[in-house]
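# Fold and geometry: a report
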Amino acid sequence: MKKIRKGDNVIILSGKDKGKQSTVIKFESVEKVIVRDVNRVKSHVKPNPSKNIVGGIVEIEKPIHVSNIAIFNSDKNKADRVGFRFNESGNKVRYFKSDGTLIDL
């Protein structure tokens, strides 16, 4: 079970976008994650008429390392660490380490 998942609200800990809050879009690999509106770069794209791609300069989001993000605790309004425990029905759930509230409801 991953500590950070797709759709989680995260805060950027380091890099040019430090301090920004955003949402995880997808995982590129186990250690790389794409976050909405973070680490945007300009890329030159060749036109491809068979795929209806217009060439030019486009802005895309590049992946960042998972160690550079932390899950955002909206109750405390800051970054937090994630722990795991079992709930009453025996399912494994995530919780915030600072106050013990469940993330997965």
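Please read all numbers here as calculations on a predicted model, not as lab measurements.

Under the feature "domain: Large ribosomal subunit protein uL24 C-terminal" (unreviewed entry), the UniProt entry names residues 38-103. Here residues 38-103 is 0% helix and 48% strand, with 23 Å between the C-alpha atoms at its ends.

Quick look at the nonpolar core now. By size, the foremost hydrophobic cluster in this structure holds 9 residues: Ile4, Val10, Ile12, Val24, Val33, Val35, Val38, Ile64 and Ile69. Those elements that provide at least two residues to this core are strand E1 (9-12) and strand E3 (32-35). Those residues in contact with Val33 that lie beyond four places of it in its chain are Val24, Lys26, Phe27, Glu28, Pro63, Ile64, Val66 and Ile69.

Before going further, it helps to examine the sheet that holds E1. Hydrogen bonds between backbone atoms are what pair the strands of a sheet, whose relative direction is either parallel or antiparallel. With antiparallel pairing, 6 strands are arranged side by side in an open sheet as E6-E3-E2-E1-E7-E8. A single partner strand is all that each edge strand has here, and the edge strands are strand E6 (64-65) and strand E8 (78-80). Of the strand pairs in this sheet, E1 and strand E2 (residues 21-27) are connected by 3 bridges, and their pairing is antiparallel. Bridge assignment links Ile11 to a residue of E2, and that residue is Gln21.

So, about the environment of Ile64. Along the polypeptide, Ile64 turns up in strand E6. When the C-alpha atoms of Ile64 and Asn87 are compared, they prove to be 32 Å apart, with 23 residues separating the residues in sequence. Residues contacting Ile64, with those up to four places away along its chain left out, are Ile12, Glu31, Lys32, Val33, Val35, Val38, Asn39 and Ile69.

In total, this model carries 6 salt bridges according to the counting rule given. Measuring nitrogen to oxygen at the nearest pair gives 2.8 Å for the salt bridge that ties Asp8 to Arg94. Placement of the pair is Asp8 in the segment before E1 and Arg94 in strand E10 (residues 92-96), with a sequence separation of 86 residues. Of the two residues, Asp8 and Arg94, neither departs from the other in class, the shared state being buried. Connected through shared salt-bridge partners, Asp37, Arg40, Glu59 and Glu61 make up one network.

Further remarks concern the environment of Lys2. Along the polypeptide, Lys2 turns up in the segment before E1. Take Lys2: its relative accessible area is 47%, and that puts it in the partly exposed class. The spatial distance from the C-alpha of Lys2 to the C-alpha of Asp37 is 22 Å, given a sequence separation of 35 residues.

Further remarks concern the pairing of E2. Alignment of E2 against E3, held across 3 bridges, turns out to be antiparallel. What sits directly across from Lys26, in E3, is Ile34. Hairpin geometry of E2 and E3 is characterised by an intervening segment of 4 residues between the two adjacent antiparallel strands.

Definitions and limits used
Numbering of residues starts from 1 in every chain and runs along the sequence as written. Selection of residues for local features in this predicted model requires a pLDDT of at least 70, selection of side-chain atom pairs for listing and counting requires 80 or more, and totals for whole chains, interfaces and linings are taken over all residues. Only hydrogens and water are set aside when side-chain values are computed; all heavy atoms of the structure are taken into account. UniProt positions are given in the numbering used here, feature names are shortened, and annotations may be inferred rather than shown by experiment. Starting at the N terminus, helices and strands are each numbered in turn, a helix being any DSSP run of H or I of at least four residues and a strand any DSSP run of E of at least two. What makes a nonpolar core is a set of buried Ala, Val, Leu, Ile, Met, Phe, Trp, Tyr and Cys residues whose side-chain atoms join them at distances within 4.5 Å. Burial here depends on accessible area, computed with a 1.4 Å probe over protein chains only, as a share of the maximum for the residue type. Under 20% is buried, over 50% is exposed, and the range in between is partly exposed. Two residues qualify as a contact provided that any one of their heavy atoms is within 4.5 Å of a heavy atom in the partner residue. At least two bridges found by DSSP between two strands is the condition for calling them paired. The term salt bridge refers to a side-chain nitrogen of Lys or Arg lying within 4 Å of a carboxyl oxygen of Asp or Glu.

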